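Commentary on secondary and tertiary structure
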Amino acid sequence: MPNPTIIFVDDDFICNLDICEILRKADFTVVTTYCSSAAFEAISTGGRLSGLVTDIDLGPGADGFEVARRARAAYPDLPIIYISGTAAARHSLEGVADSTFLSKPCPPHQIVAALNRAIRLEAV
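Within each chain, residue numbers correspond to sequence positions counted from 1 in written order. Selection of residues for local features in this predicted model requires a pLDDT of at least 70, selection of side-chain atom pairs for listing and counting requires 80 or more, and totals for whole chains, interfaces and linings are taken over all residues. Based on all heavy atoms of the structure, the side-chain values leave hydrogens and waters out of the count.

Some words on the pattern of salt bridges
Whenever a carboxyl oxygen of Asp or Glu lies within 4 Å of a side-chain nitrogen of Lys or Arg, that contact is scored as a salt bridge. Taken as a whole and judged by the stated rule, the model has eight salt bridges. Between Glu66 and Arg70 there is a salt bridge, with the nearest N and O atoms lying 3.3 Å from each other. Here the residue Glu66 and the residue Arg70 both occupy positions in helix α3 (residues 64-74), the gap between them amounting to four residues, near one helical turn. In this structure Glu66 comes out as partly exposed when scored by relative accessible area, which is 25%. Overlapping salt bridges, with partners in common, bring together Asp57, Asp63, Arg90 and Glu94 in one network. Working definition: helices are DSSP H or I runs of at least four residues, strands are E runs of at least two. Numbering for both runs from the N terminus. Exposure is judged per residue with a 1.4 Å probe applied to protein chains only, and the accessible area is read against the type maximum: over 50% gives exposed, under 20% gives buried, and values in between give partly exposed.

Below is the structure:
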């Protein structure tokens, strides 16, 4: 069985690099993106996605909430993990249903654990 494929979106290059390395070591195939437009492109390319991890504040353009909405439009049951240091209060208002929110800075193992839980729940 192939490794679960996730899209990871964060405009912070160092954060992106560090977390994606940990996700790959945890046997995820990671599509790394740094902005909403690249995330939209990754979502639209099709294929089997197992999850989305997105920061909320992504700089110019759409935010992580919009990335998640587009991902869910394409993949209705896709597990969504939000990570942000500033948008916790907005999650309950703007986040997609059944998503998870983790406050930054969060240890990468928390992201791995959240993905594993969400993907396992979807597979049941």
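Text resumes after the structure shown.
Some words on the side chain of Thr54
Mapped onto the secondary structure, Thr54 falls in strand β3 (residues 51-55). Take Thr54: its relative accessible area is 0%, and that puts it in the buried class. Residue contacts are defined here by distance: any two heavy atoms, one from each residue, within 4.5 Å place the two residues in contact. Excluding anything up to four places from it in sequence, Thr54 contacts Val9, Gly64, Val67, Ile81, Tyr82 and Ile83.

Concerning the packing of aromatic side chains
Here is the rule: rings of Phe, Tyr and Trp (six-membered ring for Trp) pair when centre to centre is within 6.5 Å. Planes less than 30 degrees apart are stacked, more than 60 are edge-to-face, and the remainder are tilted. For the coordinates displayed, the defined rule picks out two aromatic pairs. Considering the side-chain rings of Phe13 and Tyr34, the 5.7 Å spacing of their centres and the 20° angle between planes classify their relative orientation as stacked. Placement of the pair is Phe13 in helix α1 (residues 13-25) and Tyr34 in the loop between β2 (29-33) and α2 (36-44), with a sequence separation of 21 residues. Ring centres of Phe65 and Tyr82 lie 5.2 Å apart, and the angle between their planes is 55°; on these two criteria the pair is classed as tilted. Of this pair, Phe65 sits in helix α3 while Tyr82 sits in strand β4 (residues 80-84), and the two are 17 residues apart along the sequence. Assessed through its relative accessible area of 0%, Phe65 is described here as buried.

Describing α1
Every helix has an expected span of 1.5 Å times one less than the residues it contains. For α1, spanning 13 residues, the distance from its first C-alpha to its last is 18 Å, which sits close to the expected 18 Å at 1.5 Å a residue. Every buried residue of α1 is listed here: Cys15, Asn16, Ile19, Cys20 and Leu23. Angularly, the buried residues of α1 cover 115° about the axis, an arc narrow enough to put them on a single face. Turned more than 90 degrees from where α1 packs its buried face, Ile14 and Lys25 sit exposed. Looking at the residues trailing α1, positive phi occurs at Asp27, about 70°. Regarding the arc, it is the one traced by the directions from the helix axis to the C-beta atoms.

Side note on the sheet that holds strand β1 (residues 5-9)
For two strands to be treated as a pair, DSSP must find at least two bridges joining them. Taken in spatial order, the five strands of this open sheet run β2-β1-β3-β4-β5, and their pairing is parallel. Bordering the open sheet on either side are β2 and β5 (100-103), each of which pairs with just one other strand. Each strand axis lies, on average, 20° off the axis of its neighbour in the sheet, ignoring direction. Axes here mean lines fitted to C-alpha atoms, for a helix over just the part in contact, with angles spanning 0 to 180 degrees between N-to-C directions. Packing against the sheet, α1 makes contact with β1, β2 and β4, and its axis sits at approximately 170° to β2.

Examining the packing of α2 against α3
Where α2 meets α3, the closest approach of the two axes is 10 Å, and the angle between their N-to-C directions is 5°. Between α2 and α3, the angle is such that the two are roughly parallel. The segment α2 lies against α3, with Ser36, Ala39, Phe40 and Ile43 engaging Glu66, Val67, Arg70, Ala71 and Ala74. By residue class, the composition of the contact of α2 with α3 is six nonpolar, one polar and two charged. Reported orientations rely on four angle classes, namely roughly parallel under 35 degrees, roughly antiparallel over 145, roughly perpendicular from 65 to 115, and oblique for the rest. Under the scheme applied, nonpolar residues are Ala, Val, Leu, Ile, Met, Phe, Trp, Tyr, Cys and Pro; charged residues are Asp, Glu, Lys and Arg; polar residues are all the others, including Gly.

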